[in-house]
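Structure assessment
One letter stands for each residue in the lines below.
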Amino acid sequence: KKRERERSINTMMEIVNFPLWLEESKHQLQPPVCNKLLFNGQLKVQVVGGPNKRQDYHIECGEEFFYQFKGNMYLPIVEQGEHKRVDIKEGEMFLLPPRLPHSPQREENSIGLVVERDREPDQSDCLRWYVGKEEDRLKPTKDVLYEEFFHCTNLATQLPPVIHRFKSSEAFQNNTPPPSNEVGHPKGEEMPIKIDSQTKAPQVQVFQDWLQRHKGEEAPIFEGRDFDVVIQSGNSKSPQKQCKREVLLWLMKGTAEVTLNQEQPKQIPAGSMVLIPPKSTHG
């Protein structure tokens, strides 16, 4: 039987046969779970299925990278103080800036990859709900109905208790925020995470279009504060690079060899993901 995950003994380079992993994990990508962590180190790499309809908005201090592997999704965000919808279709990529409220909505049988970074010890995440419009509570206004702040270690397990407390609250019953949010933070006090009301999100990028424009090149598709997303195509050889933090490689087509810390090259089959450990060189 093929292994969906292996670790190179000498280099500690972790290799995941993604098609096989997906086949063995597909039952966990259905409701009510809908997601599973693929890597859980400095990079939090999770695969998320659908359908998934949410009313809460997630806010974190770092960027989030979205790649829609199968089917479509859309991402309601609050950008420069206004509600906006970002459509991410199959084969498209999007890099969400830090501290923007967002609420992923996924179609049935869809599969997406989401990459976040680990949190610093003093950083908080937030789950927030907005007051719904009188004619349709599912359509949010700009007024905050309820929010909770917490240090995030695993959003998939930490989210359900917060949702339960929200649905048990007077705010949920009345669609009216209480005088002070006792579970989140008292009004008038500084918020544990400051919402970014200035940044404009980048455009969604179509993977195949980008590939055609940069055929045979190694070029960044996103250059962010936390993540650089680089696509390399064609028959080429990358020079050895030093990395202070983890690096995720995804061989979407063809085969490749990866050398880590000047050791013997490792053959990587098509479809595989490779997690390069921090403080190492690779090429």
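To keep things clear, this report deals only with the structure shown in the data block.

Cut-offs and rules
Residues numbered from 1 in each chain as written. Predicted model: local features only at pLDDT ≥ 70, side-chain atom pairs only at ≥ 80, totals over all residues. Heavy atoms only, no water. Pairing = 2+ DSSP bridges. Helix = DSSP H or I, 4+ residues; strand = E, 2+ residues; numbered from the N terminus. Contact = heavy atoms within 4.5 Å. Axes fitted to C-alpha atoms, helices over the stretch in contact; angles between N-to-C directions. Buried < 20%, exposed > 50% of the residue type's maximum accessible area, 1.4 Å probe, protein only. Salt bridge = Lys/Arg side-chain N within 4 Å of Asp/Glu carboxyl O. Core = buried A, V, L, I, M, F, W, Y, C linked by side-chain atoms within 4.5 Å. Polar contact = N/O pair within 3.5 Å; in protein donor to acceptor, adjacent residues only side chain to side chain. Expected span 1.5 Å × (residues − 1). Arc of directions from axis to C-beta.

Here's the deal with the sheet that holds strand β11 (residues 111-117)
Overall, antiparallel pairing links the six strands, which are arranged β3-β4-β11-β6-β9-β14 in an open sheet. Looking at strand neighbours, the two that pair on one side only are β3 (35-40) and β14 (205-206), the edges of this open sheet. Each of β3, β4 (43-49), β6 (64-70) and β11 touches helix α1 (residues 18-25); the most contacted strand, β3, lies at about 140° to it.

Describing the pairing of strand β7 (residues 73-79)
A regular strand places its side chains on the two faces of the sheet in alternate fashion. Across the seven residues of β7, six count as buried, placing the element largely inside the fold. Where β7 meets strand β10 (residues 105-106), two bridges bridge the pair, whose relative direction is antiparallel. Within the sheet, the bridge partner assigned to M73 lies in β10 and is R106. As defined by bridge partners, β7 adjoins strand β8 (residues 82-88) across seven bridges and the pair is classed as antiparallel. Bridge pairing in β8 links L75 to V86.

Focus: the environment of D122
Assignment of secondary structure puts D122 in the loop between β11 and β12 (125-133). Separated by 39 residues in sequence, D122 and P161 place their C-alpha atoms 21 Å apart.

Points about the pattern of salt bridges
With the rule as written, the count across this model stands at 15 salt bridges. Its salt-bridge partner being E79, residue K200 comes within 3.5 Å of it at the nearest N-O pair. Remark: E79 occurs in strand β7 and K200 occurs in the loop between α3 (170-174) and β14; sequence separation between them is 121 residues. The exposure class of E79 is buried, given its relative accessible area of 7%. When the shortest N-O distance is used, the salt bridge between K142 and E82 registers 2.7 Å.

Remarks on the nonpolar core
Counting residues in each nonpolar core, the largest one holds 27 residues, and the members touching the most others are L38, V47, F65 and M93. Contact partners of F65, with chain neighbours within four places excluded, come to M93, F94, L95, L113, V114, V115, F222, F227 and V229.

Quick notes on α1
Every buried residue of α1 is listed here: F18, L20, W21, L22 and S25. The N-terminus of α1 is capped by N17, whose side-chain oxygen sits 3.1 Å from the backbone nitrogen of L20.

Observations concerning the sheet that holds β10
As summarised here, the arrangement of the three strands in space is β8-β7-β10, forming an open sheet in which the pairing is antiparallel. In the strand order of this sheet, the two ends are held by β8 and β10, each with one partner.

Things to note about helix α2 (residues 155-167)
Its 13 residues give α2 an end-to-end C-alpha distance of 18 Å, which sits within 8% of 18 Å, the value for a rise of 1.5 Å per residue. Every buried residue of α2 is listed here: L155, L159, V162 and F166. Down the axis of α2, the smallest arc covering the buried residues is 70°, so these residues share one side. Exposed side of α2, more than 90 degrees from the buried face: T157 and H164 are the residues found there.

Looking at the side chain of Q46
For Q46, the location among the structural elements is in strand β4. Residue class for Q46 comes out buried when judged on its relative accessible area of 15%. Not counting residues up to four positions away in its chain, the partners in contact with Q46 are N35, K36, L37, L38, G112, L113, V114 and E116.

Remarks on the pairing of β4
Where burial is concerned, most of β4 is hidden: seven out of the seven residues are buried. By the alternation rule, side chains of β4 split into L43, V45, V47 and G49 and K44, Q46 and V48, which are all buried. Pairing analysis gives five bridges linking β3 to β4, with the strands arranged antiparallel. The partner of N35 across the bridge, within β4, is V48. Where β3 folds back on β4, the antiparallel hairpin that results is connected by two residues. One ladder, built from seven bridges, connects β4 with β11; its direction is antiparallel. The residue bridging V45 from the neighbouring strand is V115, located in β11.

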